[in-house]
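Breakdown of the fold
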Amino acid sequence: MPFDFPIRKIIHVDMDAFYASVEQLDNPELKGKPVAVGGGAKRGVVAAASYEARKFGVRSAMSGVLASKLCPDLVFVKPRFDRYKEISLQIRSIFFDYTDKVEPLSLDEAYLDVTSNKKGNPSATLIAREIRDRIFREVRLTASAGISINKFIAKVASDINKPNGQKTINPEDVLSFLEALDIRKFYGVGKVTAEKMYHQGIFTGKDLKDKTPEFLEEHFGKSGVHYYEVVRGIHRSEVKSHRTPKSLGAERTFSENLSSEVFMKDRLEHIAEELARRVAKAGTSARTVTLKIKYSDFTLQTRSRTLPYYISAKDLILDTAIDLLYQQPLENSVRLLGISLSNLNGKDASPTEEKSVSVQLRFEL
C-alpha cells in the first residue's frame, strides 16, 4: 500500500555533546573528564554537558549548583560561541558537498534532504555514514544521525544510537516504529499534553493510532488532526534551506540579583542593543516585544506587547521593554532579563500549497 503523501530521504545529523566536545578537543586535559559548559557552579546554568558528566545526571538548563552536587568533580568551562560557530560552519560545508537542501536547526544539528543528491548515491544510509566519517576525520568530532522518510522520524531516529551512531527507519518499518514510540517523543506533545493523553489511556503511538479524528479533535482541539496524521507517518514539512526564525532574542544572567528597576533599565539597554544588531543581521523587523524576567527563586515571568507597526531600532525595542518592566510590580529580586521579538516581518505570509504524491512503500534508504 503506498503512502499518500510526500516521501523523501531525510537525514538528521546531531553532533554529540557539541559544546563540551569542542572544549575537550581544544583542551586535551579535559578529555575523559566530566565537563559542563556554562557560567560556573555559583550562579550559572549548564549550557551543555559532556557524556562523562551526563552519567551523573548533569543536563543542559540545569543550575550550576545542582550540577556540582550531582558531580563534585565537574569542570566548568565558559562558553566560546565564536569557536562553536567556526566549527559549525566547517561541518555545514561538508553537508553542502552532498546537497543544497540543508536546514540548520542550531549550531550542532541540521536536516539534509538527499532524495536527489550531488553524489548520485541512492542510499541515504551510506551518505549519512560517509558524512559522519568525514566530520570525524576533518573536524575530529563525532556525530550521530537518523535516516527516514520525513524530518520527524529522522530526528527521533538520531537519538537511538547516540553517541557516534546512526539509525535508519525504512519505509516498511515506519508504522510499526511509530506504534511502539513513547507518546512523549511525538512532535507537539509536551509535558501538559502528555498528562492529558495519559488520562485518556494514550501512552504509545499505537494507543494514539486507535483514536478517531473526532476523538482527538474533541480532546486536543486543532492539534488533534496533527496527532492523527503524525502517528501514521504523515509529516509534510520540507527541508527549508533558508530557514526564517520565528523569533529573535537576547538575555543576560546577572552576577548579583537586581531589586531596583533603575538598575534593570541600564541592563535592558545593553540587551536591546545586542538584539537590534541581531535583527539588523537577520534583515527583519517585528511587531511583538516580550520581556522575560527570571526571579531569584527561578520562577519565570513574561510580559508581551504587540505593536500596530514593525520595529527594529534599538530605541524602540528598549522603550517597549521598559514599558513592560513597569507594567506591574516585581515579585522578587531579578537574576535574569531578556527581550525577544516575534511576529516577524514576513511571517504572516500564507504557506505555499504542498503537492501530495503517491509513492510505493518500497523505497530504499
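Details of the structure are given in the entry above.
What comes next concerns the included structure. This structure is a prediction, so every number in the text was calculated from the model and none was measured.

1. Let's talk about the sheet that holds strand β1 (residues 10–15)
Pairing is mixed across the open sheet formed by five strands, whose spatial order is β5-β6-β1-β7-β8. Looking along the sheet, the strands with just one partner apiece sit at the ends: β5 (102–106) and β8 (166–168). Each strand axis lies, on average, 15° off the axis of its neighbour in the sheet, ignoring direction. Relative to β8, strand β7 (residues 143–148) is paired through three bridges, and the arrangement is parallel. Looking at β8, one finds that A145 is bridged to Q166.

2. Here's the deal with the packing of helix α4 (residues 81–96) against helix α5 (residues 124–139)
Running from N to C, α4 and α5 cross one another at 140°; their axes reach a closest spacing of 10 Å. Our classification of the angle between α4 and α5 gives oblique. In this structure, α4 meets α5 at a crossing whose hand is right-handed. Together, I87, Q90, I91, I94 and F95 of α4 and I131, R134, I135, E138 and V139 of α5 make up the contact between the two elements. Looking at the contact of α4 with α5, its residues break down into seven nonpolar, one polar and two charged.

About the cut-offs
- Sequence order sets the numbering: in each chain, residues are counted from 1 along the sequence as written.
- With pLDDT at 70 or above as the cut-off, local features in this predicted model cover only qualifying residues; side-chain atom pairs require 80 or more to be listed or tallied, and sums for whole chains, interfaces and linings still use all residues.
- Processing note: side-chain calculations cover all non-hydrogen atoms of the structure and skip hydrogens and water entirely.
- Only strands joined by at least two bridges in the DSSP assignment are considered to pair.
- Secondary structure elements follow DSSP: runs of H or I of four or more residues count as helices, runs of E of two or more count as strands, with numbering from the N terminus.
- An axis is simply a line fitted to the C-alpha atoms; with a helix, the fit covers only the stretch in contact. Between two such axes, the angle follows the N-to-C directions and lies from 0 to 180 degrees.
- Small angles under 35 degrees read as roughly parallel and large ones over 145 as roughly antiparallel, with 65 to 115 read as roughly perpendicular and the rest as oblique.
- Two helices that cross are described as forming a left-handed crossing if the nearer one is turned anticlockwise from the farther one by less than a right angle, and a right-handed crossing if clockwise.
- Only heavy atoms enter the contact rule, under which two residues are in contact if any of them lie within 4.5 Å.
- Residues were grouped as follows: Ala, Val, Leu, Ile, Met, Phe, Trp, Tyr, Cys and Pro as nonpolar; Asp, Glu, Lys and Arg as charged; and all remaining residues, including Gly, as polar.

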